[in-house]
Amino acid sequence: MHKYNDKINAMFENPVNVGSLDENDPNVGVGFVGSPACGDVLKIFIKVDDEDRIVDVKFKTFGCGSAIASSAVLTQKVMGLTLDEAKKITNKEIADELALPPIKTHCSVLAEEAILDAIYDLLKKRKVCKVDQTG
């Protein structure tokens, strides 16, 4: 059994930004990723303003303490960033902040993949909306 450090325990016991946002809102992107290897699943919701700045972010994670803590840290890191800035957040930053042991690095990778997936979803949604408006 793995013993978590105090930061991971604190984020696991009192995670911030848990919840969801309206997936039908044109300013909300949703990222959904999972790892069959360990069973962790992460769903993240980002809401942006007219300048593509993240103004709200929520997550739901099914997984271990490291997965939940990685998700919570990710939401704190992306809040207030532009989409371009948020794309640059790496799993290493998240892993370093939590001092994740190497065996739990995949949890921070999920977080990185989730934010990229949410940004992609938002951009795809906008492209579809623009096509619908002109077509």
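Residues numbered from 1 in each chain as written. Predicted model: local features only at pLDDT ≥ 70, side-chain atom pairs only at ≥ 80, totals over all residues. Heavy atoms only, no water.

The next thing to look at is the overall build of the protein chain. A count of helices and strands for the protein chain gives five helices and three strands. What you see for the protein chain is a C-alpha radius of gyration of 15 Å, in line with the 14 Å of a compact globule of 135 residues. Buried positions account for 41% of the 135 residues belonging to the protein chain. Taking as baseline every contact in the protein chain between residues at least 6 positions apart, the subset at least 24 positions apart corresponds to 61%. For the protein chain, the exposed area adds up to about 7,300 Å²; of that, 55% sits on carbon and sulfur atoms. For the protein chain, the distance from the average site of its 17 positive side-chain charges to the average site of its 21 negative ones is 1 Å. (Helix = DSSP H or I, 4+ residues; strand = E, 2+ residues; numbered from the N terminus. Rg over C-alpha atoms; globule rule 2.2 N^0.38 Å. Buried < 20%, exposed > 50% of the residue type's maximum accessible area, 1.4 Å probe, protein only. Contact = heavy atoms within 4.5 Å. Areas by Shrake-Rupley, 256 points an atom, 1.4 Å probe, with all protein chains shown as cover. Lys, Arg positive; Asp, Glu negative; His and termini not counted. Charge placed at Lys NZ, Arg CZ, Asp CG, Glu CD.)

Bringing the pattern of salt bridges into the picture now. Under the definition given, this model contains nine salt bridges. The partner of Lys92 in a salt bridge is Asp96, and the shortest N-O contact between them spans 2.8 Å. Placement of both Lys92 and Asp96 in helix H4 (residues 91–98) is noted, with a separation of four residues, approximately one turn of the helix. (Salt bridge = Lys/Arg side-chain N within 4 Å of Asp/Glu carboxyl O.)

Now for the side chain of Lys104. Among the structural elements, Lys104 can be located in the loop between H4 and helix H5 (105–134). Buried and unpaired, Lys104 has Asp40 as its nearest opposite-charge partner, separated by 5.9 Å.

So, about the environment of Gly63. Topologically, Gly63 is positioned in the loop between strand S3 (54–62) and helix H2 (65–78). Distance from Gly63 to Asp40, taken between C-alpha atoms, is 4.3 Å for residues 23 residues apart in sequence. Setting aside chain neighbours within four positions, we find Gly63 in contact with Asp40 and Ile68.

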